[in-house]
Amino acid sequence: MIEVHHLENSRSQRVVWLLEELGLEYELVTHRRDPATLQAPDSLRAVHPLGKAPVIRDLADNGRVVAESGAIIDYLIEQHDAEGRLAPPRGSDARERYRFWLHHAEGSGMGPLVMRLVFSRLGQPPVPALARPLGRLFARGVEQQYLGPEIRRLRDFWESELAAGPWFAGETFSAADIQMSFPVLALAAGGGLAGCPRLQGFLAACREREAHVRTVAHIGEFRLAAG
């Protein structure tokens, strides 16, 4: 039994999806965001000191607690995917691609997208009304000078890499695709997949997987709030 601590509308959706793909029994503990700040509640700190999701507790392994999306995926694949259904064989080129994409998603992929979301809110409450015009001006400059070009560079890289196959590690779906689904969804939320047929196809194929359908039916699909 895996206990999953899930924050509503967050990247922890991917852990639930992975567990569905592996066919593992799990218990879902959902934590609600503060409606004013959208921050995670203090209840998550009782599970892990950082107070962030996702976090899992493996009740079959003396209640071992694992945090961080990439570490959780690594752990679940090592401990519960003996058949190698969701990771290419060790020593193969596909395994190296898998390793790269598994960690690229959070290491390089999500940073600019999260920054875009944060800066887009500088012209909105709870920023004081008098500061909002300056906040919007600052956000526009950051978008034009840094975030826009960087996100386009990432998008073009992802699109070109899918020329090697329908999935990020090649011809076969893997846990790296589950990890990469989050930045691609975040990009799609802002209309950022225009002119990217491979990324559009990737996202459509993800949504068609039975395990993903079950996950969305259970907890919903990630939605990036508009700025």
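Here, every reference points to the structure presented above.
Definitions and cut-offs
Residues numbered from 1 in each chain as written. Predicted model: local features only at pLDDT ≥ 70, side-chain atom pairs only at ≥ 80, totals over all residues. Heavy atoms only, no water. Pairing = 2+ DSSP bridges. Helix = DSSP H or I, 4+ residues; strand = E, 2+ residues; numbered from the N terminus. Axes fitted to C-alpha atoms, helices over the stretch in contact; angles between N-to-C directions. Parallel < 35°, antiparallel > 145°, perpendicular 65-115°, else oblique. Left-handed = near helix turned anticlockwise from the far one by under 90°. Nonpolar A, V, L, I, M, F, W, Y, C, P; charged D, E, K, R; others polar. Polar contact = N/O pair within 3.5 Å; in protein donor to acceptor, adjacent residues only side chain to side chain. Contact = heavy atoms within 4.5 Å. Expected span 1.5 Å × (residues − 1). Bend = angle between axes of the 7 residues up to and from the residue. Buried < 20%, exposed > 50% of the residue type's maximum accessible area, 1.4 Å probe, protein only. Disulfide = S-S within 2.5 Å. Core = buried A, V, L, I, M, F, W, Y, C linked by side-chain atoms within 4.5 Å.

Participant: Quick one: what's the story with the pairing of strand β3 (residues 55-58), residue by residue and with numbers?
Facilitator: In this structure, strand β1 (residues 2-7) lies alongside β3, joined through 4 bridges in antiparallel fashion. Directly across from Ile 2, in β3, lies its bridge partner Asp 58. Linking two consecutive strands that pair antiparallel, namely β3 and strand β4 (residues 64-67), is a turn of 5 residues; a positive phi of about 55° is found at Asn 62 within it.

Participant: Can you tell me about the packing of helix α3 (residues 93-120) against helix α4 (residues 132-161), naming the residues and giving the values?
Facilitator: Describing two packed helices takes the angle between their axes plus the distance from one axis to the other. Contact geometry for α3 and α4: axes closest at 10 Å, N-to-C directions at 155°. The angle between α3 and α4 places the two elements in the roughly antiparallel class. α4 is crossed by α3, and the crossing has left-handed handedness. Here the contact of α3 with α4 is composed, by residue class, of 15 nonpolar, 4 polar and 5 charged.

Participant: I'd like a description of the side chain of Asp 58, backed by residues and values.
Facilitator: Relative to the assigned elements, Asp 58 resides in strand β3. Side-chain polar atoms of Asp 58 contact the side chain of His 80, separated by 3.3 Å. Setting aside anything within four residues of it in sequence, one finds Asp 58 in contact with Met 1, Ile 2, Gly 63, Arg 64, Tyr 75 and His 80.

Participant: Can you break down helix α5 (residues 175-189) residue by residue, with the values?
Facilitator: Look at α5: 22 Å from first C-alpha to last across 15 residues, which is about the 21 Å you get at 1.5 Å a residue. Along α5, the helix axis deviates most sharply at Ser 181, where the bend reaches about 30°; the proline Pro 183 sits within four residues downstream. With 13 of 15 residues buried, α5 lies mostly within the body of the structure. Downstream of α5 by one or two residues, Gly 191 has phi in the positive range, about 75°.

Participant: Break down the state of the cysteines for me, with residues and values.
Facilitator: Throughout the structure, instances matching the rule amount to 0 disulfides. With no disulfide partner, Cys 196 has as its closest neighbouring cysteine sulfur the one in Cys 206, 15 Å distant. You can call Cys 196 buried: its relative accessible area is 3%. Accessibility expressed as a relative area gives 2% for Cys 206, which makes it buried.

Participant: An account of the nonpolar core is requested, with residue identities and associated values reported.
Facilitator: If you look at the biggest cluster of nonpolar residues, it comprises 48 residues, and the most contacted ones within it are Leu 18, Ile 56, Leu 76, Tyr 98 and Trp 158. It is α5 that contributes the most residues to this core, 9 residues altogether. Leave out the neighbours within four places in its chain, and Tyr 98 touches Ile 73, Ile 77, Leu 86, Ala 87, Pro 88, Ala 169, Ser 174, Ala 175 and Ala 176.

Participant: So what's going on with the sheet that holds β4? Which residues, and what values?
Facilitator: The strand order β2-β1-β3-β4 describes an open sheet built from 4 strands, whose pairing is mixed. Two strands close off the open sheet at either side, each with one partner strand: β2 (26-31) and β4. The average angle at which neighbouring strand axes cross in this sheet is 20°, direction not considered. Summarising the sheet, β1 and β2 pair through 6 bridges and their orientation is parallel. When the bridges of β2 are listed, Glu 3 appears paired with Glu 27. This element, helix α1 (residues 13-22), spans β1, β2 and β3 of the sheet and lies at about 150° to β1.

Spatial relationships are all this shows, so hold off on functional conclusions.
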